[in-house]
Amino acid sequence: MNPDDQNPASTSAAPASPDPAGPETTLPVPASSPMFEQARGAGQLSGVPREAEQPLALRSTGKRAESAGRTPRKILVLGATSGIAEACIRLWAARGDALYLVARNPDRLAAVAADARTRGASSVGSAVANLDDTAGHPELLAHAINGMGGLDVAFLAMGVLGEQGQAERSFEATHAILHTNFTAPVSLLTWLANYAAQRHAGTLAVLSSVAGERGRRSNYVYGSSKAGLTAFVDGLRNRIDREGVRVMTIKPGPVKTAMTEAMKGREKFADVDAVAATLVKAIDKGKDVVYVPGIWRIIMAVIRAIPERVFKKLNL
Amino acid sequence: MHYAVGMPTAVELDFNPPPSTEASDKAGGPPPFESWGRYPEYPAELKQLHWQGDYPRAIDGVHHGALAVGMGRSYGDVCLLKDGTLLQTTGMNRLLDFDPATGLLTAEAGITLAEILDFAVPRGYFLPVTPGTKYVTLGGAIANDIHGKNHHHAGTFGCHVTQFELVRSDGRRMLCSPTSNPDYYAATIAGMGLTGVIPWAQIRLKPIVSRKINYQGIQFHGIDEFLDLSSQAGNVEYTVSWVDVTATGKNFCRGVFMQGDHSQTPAPLKPSPKPKLVFPMELPGFALNRMSVGAFNSLFFHKQMKKRVSTLQDYEPFFYPLDAVLKWNRMYGKRGLLQFQYAIPWEHAKEGTVAILYEVARSGLASFLAVLKAFGDVPSPGMMSFPKPGITLALDFPIKPEKSFALFDRLAEMTREFGGRLYPAKDARMTSAQFQAFYPQWERFARYKDPALTSSFWERVIGGQLGVKGVGR
Ligand SMILES: Cc1cc2nc3c(=O)[nH]c(=O)nc-3n(C[C@H](O)[C@H](O)[C@H](O)COP(=O)(O)OP(=O)(O)OC[C@H]3O[C@@H](n4cnc5c(N)ncnc54)[C@H](O)[C@@H]3O)c2cc1C
Ligand SMILES: NC(=O)c1ccc[n+]([C@@H]2O[C@H](COP(=O)([O-])OP(=O)(O)OC[C@H]3O[C@@H](n4cnc5c(N)ncnc54)[C@H](OP(=O)(O)O)[C@@H]3O)[C@@H](O)[C@H]2O)c1
């Protein structure tokens, strides 16, 4: 039985329709492209979840708390069902920011979006997309930016830990990790960087990892994907910071999320809400490189300093 | 493709990495999930539910029984399953909908009452019913049909649950409300997690204009004064009493009657600060003895020097005095603590309470937290709900194996003689015969039980009788 049967009344808050007179995007798919129109006409763009299909509990009230005296920031979250992203979304929503959420699982995305609306986000748009599909990126981003009528922050959170053992045995598995953690973010950032640089505004905040700072026997495949991402993001900052775009390399230490559920010593990992509180502040400021929790800046300095002839004998 | 002659082929080369040399995980160690009493302790597999769609997928291939658990704030074994699979819901804690006009809140069932308060209080709403700790989940509050200091006004938590979804292990999803699947609605409220997993629920919050409570504390001596105060307080929303169970002779059944109402004077509705204190370590078993507890109780009684005090108090210390120190159950040491809570109907409430208090005093075992309250007659929708009109008394004791178990067994038997019953959420000892006498409707309830779900509590009190253990999906 579906709760829908009981209570049909609810307002839809599917992605706000793009304002045709709104800021023009240099992304290759203009808001008025036939492809775009067609998708909207069909009521669904790359699987934008239709709210009428959600259980009652997952639909919005249509009421929004506008936080007094503050212009809501327009925040695009790529990988919105990530544990770290979701914790940030809750804080942004509670202060009334405008959100556009992208994730690949429609049910999970609907739950995160409902939570954001309930907490008071001034608007919540969403789209279902597998971000491995780099060909779909420009259209997706155009839709998101048009939906919000601009972009203040893009937060890239998607990522996979992968299985090191499997990756050691198969390049296919390695490739999948590199694709999701490196190639796909690079594709997204290429579009976003040009968009932001032309407007001389915006913050691109990217979740890399401390794991990218040194290749270790236990997870060098994941680590190398993050090392590549760190280098790309650092370089991008050096290119467009002077254009007025903040580009942030975020390096979390181990955090208690679904990604680290099976790991040993998990009790000692950082609390995701504390990590999110740090990140929301850091993103407001547009810091260059963020270690979170901060202690990891020191830990990684020590780890980087260990000579390789010693390091290769360790079981790290 | 062309290879030089003599090169080994791919098949001949071993491209597989050598097996890992890392030591495998050690078995044993502490149990992954404890109840608040830390007794009994059972090994179990612990899995986290993050999303509503995670269940029943999470129990694919599980054949030894499973159980949803929340914060583990139940004292005994309703939230345990020996050698089974526990599905912790706390990662499933999203708010799904809120209507500021009606106070109807929909949320995933792993949200805690603390998280609900953080959201609701600044918006001028409060929980319709709250237990003595805010660190319980919405699902746990429904599954034990918890009661609070306003039971005589508002009934149990279940009275304010407008609808929820129930997922069965075969994947069936049911919307339950007083009008939709009303039988599953009734069986699931106070259903101890046995009828299915609740992914989300909707409750009706109640409006407040201030965080403050108009509080009054009144000393009483003896059960008659307690009963008088209870009946005079008919119009007061919250009442509860602390009673000194170590006192004998002329001080027998002395205590402090505490009552309060939400202040009607508008005042800022800020969210609560986060608690900072964590009980640092386990105290040795001898730390809580009759002397120290007696001294504490005497101090508590005399802290209130006057017969009657009135203050305006924040709701946190009024409802959740113990939440200020996280993990305070460590105070009871490694062996843990036992709770004991009965409800005895009015017919025998007075004599039963006196007899049991007398038995406790005589045993020489000390109880810190002895809480006495008159239950009201608002009926609960829950089939297996614990409260009934009469008196309830809750006690807790550090575990001293022989002594405390013998006392508990005596008290349970006395409860039965006085026509009362015990609260499964706070029990680790009642026998199967006692449970079936306390809850004669259990056989009707068992018809709604999900075959793949069970708990150590259920195995203890029903167990073999229905052959539930080991039944897969
Ligand atoms: C200090 C303290 C004070 C207390 N005061 C009171 C009080 O005043 N009144 C009162 O009534 N109780 C009181 N309690 C007991 C407590 O309120 C209950 O035991 C409550 O059910 C605990 O909730 P939990 O989230 O910790 O659930 P758990 O203890 O983890 O589980 C309790 C039950 O809920 C079931 N369950 C949990 N989540 C779900 C779900 N999503 N779907 C289906 N079943 C589920 C479990 O299977 C189990 O049977 C108190 C406890 C403490 C520690
Ligand atoms: N947790 C840590 O300890 C830690 C430490 C350092 C860095 N990080 C990084 O922080 C980021 C967030 O991680 P987390 O801890 O929040 O883990 P998480 O909860 O597992 O989140 C990862 C998210 O990425 C999404 N995702 C993966 N592949 C995708 C794809 N092809 N398309 C769209 N979405 C995809 C997942 O979607 P589904 O929900 O659909 O699976 C999931 O929501 C990751 O980049 C991670 O590498 C985490």
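Criteria and cut-off values
Residues numbered from 1 in each chain as written. Chains lettered and ligands numbered in written order. Predicted model: local features only at pLDDT ≥ 70, side-chain atom pairs only at ≥ 80, totals over all residues. Heavy atoms only, no water. Helix = DSSP H or I, 4+ residues; strand = E, 2+ residues; numbered from the N terminus. Buried < 20%, exposed > 50% of the residue type's maximum accessible area, 1.4 Å probe, protein only. Pairing = 2+ DSSP bridges. Near = heavy atom within 4 Å. Polar contact = N/O pair within 3.5 Å; in protein donor to acceptor, adjacent residues only side chain to side chain. Areas by Shrake-Rupley, 256 points an atom, 1.4 Å probe, with all protein chains shown as cover. Axes fitted to C-alpha atoms, helices over the stretch in contact; angles between N-to-C directions. Contact = heavy atoms within 4.5 Å. Nonpolar A, V, L, I, M, F, W, Y, C, P; charged D, E, K, R; others polar. Left-handed = near helix turned anticlockwise from the far one by under 90°. Phe/Tyr/Trp six-rings, centres within 6.5 Å; stacked < 30°, edge-to-face > 60°. Lys NZ or Arg CZ within 6 Å of the ring centre and 35° of its normal. Core = buried A, V, L, I, M, F, W, Y, C linked by side-chain atoms within 4.5 Å. Right-handed = clockwise from strand over helix to strand, strands pointing away. Parallel < 35°, antiparallel > 145°, perpendicular 65-115°, else oblique.

Asks: Looking at this structure, I do not really get unusual backbone geometry. What am I missing?
Replies: Most of the time, phi is negative for any residue but glycine, and the peptide bond is trans. Residue and element names in this part refer to chain B. The linkage connecting Y39 with the following residue, P40, adopts the cis geometry, with an omega of -10°. Structurally, the position occupied by P40 is in the segment before strand 1 (45–48). The amide bond that connects Y55 to the next residue, P56, takes the cis arrangement and shows omega of 10°. In this structure, P56 sits in the loop between strand 1 and strand 2 (66–69). In the Ramachandran plot, R38 falls in the positive-phi region, its phi being about 55° despite a non-glycine side chain. Structurally, R38 can be placed in the segment before strand 1. On the basis of relative accessibility, which here comes to 13%, the residue R38 falls in the buried class.

Asks: I would appreciate a short explanation of the sheet that holds strand 13 (residues 254–262) of chain B in the present structure.
Replies: What holds strands together in a sheet is hydrogen bonding between their backbones, with the strands either parallel or antiparallel. All names here are of chain B. Spatially, eight strands are ordered 15-11-13-12-18-19-17-20 in an open sheet, and the strand pairing comes out antiparallel. The two strands at the open ends of the sheet, each matched to only one other strand, are strand 15 (308–314) and strand 20 (421–422). Both strand 12 (residues 238–243) and strand 18 (residues 371–375) contribute to a ladder of two bridges, which runs antiparallel. In the sheet register, S241 faces strand 18, and the bridge partner there is L372.

Asks: When you look at the site of ligand 1 in this model, what are you seeing that I'm missing?
Replies: Residues and elements named next belong to chain B. Neighbouring ligand 1 are 34 residues, the closest being A68, R73, S74, T137 and Y423. Within the backbone of G70, a nitrogen or oxygen atom sits 2.8 Å from an oxygen atom of ligand 1. Between ligand 1 and M192 there is a distance of 2.9 Å, counted from an oxygen atom to a backbone nitrogen or oxygen. Contact with the protein chains hides 96% of the accessible area of ligand 1, taken as 980 Å² for the molecule alone.

Asks: Could you clarify how one ought to interpret the sheet that holds strand 4 (residues 153–156) of chain A in this entry?
Replies: All names here are of chain A. Read across the open sheet, the seven strands follow the order 3-2-1-4-5-6-7; overall the sheet is parallel. Edge positions in the open sheet fall to strand 3 (123–128) and strand 7 (289–292), since each of these has one partner strand only. Each strand of the sheet is rotated relative to its neighbour by a mean of 15°, with strand direction disregarded. Both strand 2 (residues 98–103) and strand 3 contribute to a ladder of six bridges, which runs parallel. Among the inter-strand pairings, A98 is bridged to a residue of strand 3, identified as S123. Where helix 7 (residues 220–240) meets the sheet, its contacts fall on strand 5 (203–207), strand 6 (246–252) and strand 7, and the angle it forms with strand 6 comes to roughly 155°. Helix-sheet contacts for helix 8 (residues 272–285) involve strand 4, strand 5, strand 6 and strand 7, and the interaxial angle to strand 7 is about 165°.

Asks: For this particular structure, what's the right way to read the site of ligand 2?
Replies: Residue and element names in this part refer to chain A. Neighbouring ligand 2 are 28 residues, the closest being G83, N130, Y222, V255 and T257. The contact in question runs from an oxygen atom of ligand 2 to an N or O atom on the backbone of G83, over 2.8 Å. For ligand 2, a nitrogen atom lies 3.2 Å from a polar atom in the side chain of D132. Relative to its unbound accessible surface of 880 Å², ligand 2 loses 93% to contact with the protein. For the shell around ligand 2, the secondary-structure elements that each account for two or more residues are helix 2 (83–94) and helix 7. Across the shell around ligand 2, the residue classes tally to 12 nonpolar, 12 polar and four charged.

Asks: What is the right way to read the packing of helix 2 of chain A against helix 8 of chain A from this model?
Replies: Any two packed helices are characterised by the angle at which their axes cross and by the distance between the axes. Residues and elements named next belong to chain A. Remark: helix 2 packs on helix 8, axes separated minimally by 8 Å, with the N-to-C direction vectors making an angle of 65°. Of the two possible hands of crossing, helix 2 and helix 8 adopt the one that is right-handed. Seen from helix 2, the contacting residues are G83, I84, A87, C88, L91 and W92; seen from helix 8, they are V272, D273, V275, A276, A277, L279, V280 and I283. In terms of residue class, the contact of helix 2 with helix 8 is made up of 12 nonpolar, one polar and one charged.

Asks: Would you take a moment to explain the pairing of strand 5 (residues 104–108) of chain B for this structure?
Replies: A regular strand carries its side chains on alternate faces of the sheet. Residues and elements named next belong to chain B. In terms of residue burial, strand 5 counts as a mostly covered element, since five of its five residues are buried. In the sheet, strand 4 (residues 95–99) pairs with strand 5 via four bridges, with the strands oriented antiparallel. Paired with D97 across the two strands is T106, which belongs to strand 5. Pairing between strand 5 and strand 9 (residues 200–204): five bridges, direction antiparallel. Each bridged residue has a counterpart across the sheet, and for L104 the counterpart in strand 9 is R204.

Asks: Would you take a moment to explain the packing of aromatic side chains for this structure?
Replies: Aromatic ring pairs: the centre-centre distance and the angle between the two ring planes describe each pair. For the coordinates displayed, the defined rule picks out 28 aromatic pairs over all chains. Ring geometry for B:Y238 against B:F319: centres 4.8 Å apart, planes inclined by 80°, an arrangement best described as edge-to-face. Of the two residues, B:Y238 is situated in strand 12 and B:F319 in helix 7 (residues 315–319); the sequence distance between them amounts to 81 residues. By relative accessible area, B:Y238 is classed as buried at 1%. Aromatic side chains B:F386 and B:Y423 sit 4.6 Å apart centroid to centroid with 5° between the ring planes, which places their arrangement in the stacked category. One end of the pair, B:F386, is in the loop between strand 18 and strand 19 (390–398); the other, B:Y423, is in the loop between strand 20 and helix 10 (432–438), with 37 residues separating them in the sequence. Given the relative accessible area of 5%, B:Y423 is considered buried. Its end group placed over the ring of A:F311, A:R214 keeps NZ or CZ at 3.8 Å from the ring centre. Seen from the ring of B:F318, B:K149 lies directly overhead, with NZ or CZ sitting 4.3 Å from the centre.

Asks: Please explain the nonpolar core as it appears in this structure.
Replies: One broad rule of soluble globular proteins: the nonpolar side chains tend to lie buried together. By size, the foremost hydrophobic cluster in this structure holds 117 residues, and its most contacted members are B:F126, B:F157, B:F164, B:L205, B:L395 and B:F435. For this core, the element with the most residues is helix 9 (residues 401–417) of chain B, which contributes six residues. Setting aside residues no more than four positions away along its own chain, B:F435 makes contact with B:M384, B:M430, B:W442, B:F457, B:W458, B:V461 and B:I462. In this structure, A:A85, A:L99, A:V272 and A:V292 belong to the second largest nonpolar core, which totals 39 residues.

Asks: Would you take a moment to explain the pairing of strand 3 of chain A for this structure?
Replies: Most of strand 3 of chain A sits inside the fold, with five of its six residues counted as buried. The parallel pair strand 2 of chain A and strand 3 of chain A, bridged by helix 3 (residues 106–119) of chain A, forms a crossover whose chirality is right-handed.

Asks: Please clarify how the environment of A:S208 should be interpreted in this entry.
Replies: Residues and elements named next belong to chain A. By the secondary structure assignment, S208 is in the loop between strand 5 and helix 7. As for S208 and Y291, which are separated by 83 residues in sequence, their C-alpha atoms are 9.9 Å apart. Discounting residues that sit within four places of it in the chain, S208 has contacts with K226, L229, T230, T249, I250, K251 and P252.

Asks: In this structure, what is going on with the packing of helix 6 (residues 171–199) of chain A against helix 7 of chain A? I would like to understand it.
Replies: Residue and element names in this part refer to chain A. At their nearest, the axes of helix 6 and helix 7 sit 8 Å apart, and the two run at 10° to each other. Between helix 6 and helix 7, the angle is such that the two are roughly parallel. Along the contact surface, helix 6 presents T174, I177, L178, N181, F182, P185, V186, L189, T190, A193, N194 and A197, while helix 7 presents V221, Y222, S224, S225, K226, G228, L229, F232, V233, L236, R239 and I240. For the contact of helix 6 with helix 7, a count of residues per class yields 15 nonpolar, seven polar and two charged.

Function cannot be read off these values alone, since they describe shape.
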